[in-house]
Amino acid sequence: ALGYEDCNDADHLRSDPALKLAVGRAPTEGDLASQPTLSRLENAVGWRECWRISEALLECYLQRHRKCPPRRLVLDVDATDDETHGHQQLAFFHGYYDEHCYLPLLVFAQAEGSGEQELIGALLRPGNVHGGHRAMALVRAMVKRLRAAFPDCHIELRADAAMALPEVYEGCEKIALPYTISLPKNERLIEMVHPWMRDAEAIHAETGEKVQVFGAFAYAAHSWSHERRVICKAEVMSQGNNPRFVVTSHTELEPEAHYRFYCQRGDPENRIKELKLDLKADRLSCHRFWANQFRLLLHASAYILMQAMRAALAGTEYARAQVNTLRLHLLKVGARIRESVRR
């Protein structure tokens with residue numbers, strides 16, 4: 001109520017008699033405990049500082065590639081959950097993840113010929129929003145800067161079904177950004193994939209092995225302004241049928257080749273696991289929302305440093321090592337603790 005978290009004059013508050021009385025202490029008692037230095041730093045930032053840090057992280061990426069600009073760049077956009085435990089601002093229950101959480105949005109960039117998906121953006125969002133919430137605003141701002149830095153680079157977007165929103169399709173088309181996005185199943189799509197599914201079932205009946213048949217058709221949901229190309233995968237296996245769909249602005253690639261391209265977005269999910277498990281990016285335990293956005297950016301900065309370390313280790317056994325391996329083998333420092341009777 002006294003705004004302790006947001007006040008820069010923490011030394012004055014620790015000795016304030018009114019605050020001592022509020023927590024059940026006598027005004028004559030010693031000063032109250034101080035927040036840790038890092039906690040003060042986290043709670044001192046606001047949206048402007050977070051915005052500037054985000055700009056700086058993207059600028060780091062641009063600087064790394066200015067000498068050798070990429071010819072083709074794939075942006076992988078993905079949402080993930082950060083479970084919360086407490087009373088963090090804007091932490092809400094999310095039905096899909098079945099927990100109280102935040103819903104960060106992460107953007108990775110992969111240049112043609114590079115095996116590394118480089119983190120270029122991390123946006124914290126409330127826990128009760130759709131997976132595609134504010135995704136197009138973030139992508140639009142990043143694409144503008146990427147095109148300014150690399151005018152000859154072909155950029156396209158790849159994402160899972162969380163980004164399957166008309167506003168994302170229309171936003172990409174408005175800025176001429178090619179896209180490939182997973183499309184959730186519905187009864188109409190199941191009906192339209194039936195011819196390819198019938199062929200797959202016939203082959204499976206003959207061979208008894210898993211069968212995949214690919215096709216493409218024009219489709220428009222009720223909320224779409226026009227028809228778009230949909231790639232379908234009719235998969236039949238012993239466990240049952242598994243149809244999958246991808247909506248895309250591409251028209252030149254064969255259906256199977258284009259679906260294989262979409263499947264490559266599974267690798268950025270491994271990068272998210274590194275970020276959350278190896279660098280503890282899911283520890284967003286501050287009360288203030290902007291403090292937690294700042295913490296997410298600190299974790300993102302640490303991950304970018306680890307990616308830079310991997311790049312510096314090209315040609316060695318650590319060139320493709322996981323973050324946890326790099327920490328364990330190259331960063332952790334061993335220590336011997338000696339105990340005696342007196343110490």
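**Student:** Explain the overall build of the protein chain to me, please; I cannot follow it from the model alone.
**Tutor:** From N to C terminus, the protein chain includes 12 helices and 12 strands. The buried share of the protein chain, reckoned over its 343 residues, is 46%. Within the protein chain, residue pairs in contact and separated by at least 24 positions form 59% of the contacts whose partners lie at least 6 positions apart. For the protein chain, the accessible surface area stands at approximately 18900 Å², while carbon and sulfur atoms represent 53% of it. In the protein chain, 44 positive and 45 negative side-chain charges are present, and the distance between their average locations comes to 6 Å.

**Student:** I keep staring at the pattern of salt bridges and nothing clicks. Help me out?
**Tutor:** Pairs can form between side chains of opposite charge whenever their charged atoms are close. All chains considered together, the criterion is met by 21 salt bridges. With a closest N to O distance of 3.9 Å, Glu 235 and Lys 210 form a salt bridge. You can see Glu 235 sitting in strand S10 (residues 228–237) and its partner Lys 210 sitting in the loop between helix H8 (194–207) and strand S9 (211–219), a full 25 residues away along the chain. For Glu 235, a relative accessible area of 5% corresponds to the buried category. Here the salt bridges do not stand alone but share partners, grouping Glu 116, Asp 267, Arg 271, Glu 274 and Arg 310 into one network.

**Student:** Got a minute to help me understand helix H4 (residues 47–65) in this structure?
**Tutor:** Spacing of three or four residues puts side chains on the same side of an α-helix, whose turn is 3.6 residues. A rise of 1.5 Å per residue sets the reference length of H4, with its 19 residues, at 27 Å; its end C-alpha atoms lie 28 Å apart and thus fit the reference within 8%. Buried positions along H4 lie against strand S1 (72–79), strand S5 (105–111), strand S6 (118–123), helix H5 (135–149) and helix H11 (289–312).

**Student:** So what exactly am I meant to see when it comes to the packing of aromatic side chains here?
**Tutor:** The relation between two aromatic rings is expressed through the spacing of the ring centres and the mutual angle of the planes. In this structure the tally under the stated criterion is nine aromatic pairs. Each ring, one from Phe 214 and one from Tyr 259, has its centre 5.7 Å from the other, and the planes form 45 degrees; the classification is tilted. Of this pair, Phe 214 sits in strand S9 while Tyr 259 sits in helix H9 (residues 255–263); the two residues are 45 residues apart in sequence, bridging distant segments of the chain. Assigned by exposure class, Phe 214 and Tyr 259 land together as buried. Counting every residue linked through ring pairs, the aromatic cluster contains Tyr 169, Tyr 179, Tyr 219 and Trp 224. In this structure, Arg 158 is placed above the aromatic ring of Phe 261, and the distance from its NZ or CZ to the ring centre is 4.7 Å. Between the NZ or CZ atom of Arg 228 and the centre of the ring of Trp 224, over which it lies, the distance is 5.2 Å.

**Student:** Before we go on, may I ask you to explain unusual backbone geometry in this structure?
**Tutor:** Most of the time, phi is negative for any residue but glycine, and the peptide bond is trans. A positive phi is found at Asp 98, a non-glycine position, where the angle reads about 60 degrees. Considering the arrangement of structural elements, one finds Asp 98 in the loop between strand S3 (92–94) and strand S4 (99–102). Residue Asp 98 is classed as exposed on the basis of its relative accessible area of 58%. Even without being a glycine, Arg 134 presents a positive backbone phi close to 65 degrees. Its location among the elements puts Arg 134 in the loop between S6 and H5.

**Student:** Help me understand the environment of Glu 42 in this model?
**Tutor:** Tracing the backbone through its elements, the reader meets Glu 42 in helix H3 (residues 37–44). Discounting residues that sit within four places of it in the chain, Glu 42 has contacts with Cys 286, Arg 288, Ala 291, Phe 294 and Arg 295.

**Student:** Quick question: what am I supposed to make of the pairing of strand S7 (residues 154–159) here?
**Tutor:** Working note: regular strand, side chains alternate between the two faces of the sheet. Burial runs high along S7: five of the six residues are buried. In the sheet, S7 pairs with strand S8 (residues 179–182) via three bridges, with the strands oriented parallel. Its bridge partner being in S8, Leu 157 is matched across the sheet by Tyr 179. One crossover worth recording links S7 to the parallel S8 by way of helix H6 (residues 166–174), and it is right-handed.

**Student:** Can you help me understand the sheet that holds strand S2 (residues 82–83) in this one?
**Tutor:** Hydrogen bonds between backbone atoms are what pair the strands of a sheet, whose relative direction is either parallel or antiparallel. Across the sheet, which stays open at both edges, the three strands sit in the order S2-S4-S3 with antiparallel pairing between neighbours. Looking at the sheet topology across the chains shown, the edges are occupied by S2 and S3. The sheet contact formed by S3 and S4 spans three bridges and is antiparallel. Its bridge partner lying in S4, Phe 92 is registered against Cys 101.

**Student:** Would you take a moment to explain the confidence of the model for the protein chain for this structure?
**Tutor:** The predicted structure's coordinates, where accompanied by low pLDDT, should not be read in detail. With 95% of its residues at a pLDDT of 70 or more, the protein chain shows a mean pLDDT of 90. Note on residues 1–8: pLDDT under 50 across the span, and 15 contacts to partners over four residues away in sequence or across chains.

**Student:** What is the right way to read the state of the cysteines from this model?
**Tutor:** By definition, a disulfide links two cysteine residues through a covalent bond between their sulfur atoms. Enumeration over the complete set of coordinates arrives at zero disulfides. Between Cys 153, a free cysteine, and Cys 68, which holds the nearest cysteine sulfur, the sulfur-to-sulfur gap is 11 Å. Its sulfur unpaired, Cys 263 is 13 Å from the next cysteine sulfur, which belongs to Cys 232.

Calculation rules
Residues numbered from 1 in each chain as written. Predicted model: local features only at pLDDT ≥ 70, side-chain atom pairs only at ≥ 80, totals over all residues. Heavy atoms only, no water. Helix = DSSP H or I, 4+ residues; strand = E, 2+ residues; numbered from the N terminus. Buried < 20%, exposed > 50% of the residue type's maximum accessible area, 1.4 Å probe, protein only. Contact = heavy atoms within 4.5 Å. Areas by Shrake-Rupley, 256 points an atom, 1.4 Å probe, with all protein chains shown as cover. Lys, Arg positive; Asp, Glu negative; His and termini not counted. Charge placed at Lys NZ, Arg CZ, Asp CG, Glu CD. Salt bridge = Lys/Arg side-chain N within 4 Å of Asp/Glu carboxyl O. Expected span 1.5 Å × (residues − 1). Phe/Tyr/Trp six-rings, centres within 6.5 Å; stacked < 30°, edge-to-face > 60°. Lys NZ or Arg CZ within 6 Å of the ring centre and 35° of its normal. Pairing = 2+ DSSP bridges. Right-handed = clockwise from strand over helix to strand, strands pointing away. pLDDT = per-residue confidence, 0-100. Disulfide = S-S within 2.5 Å.

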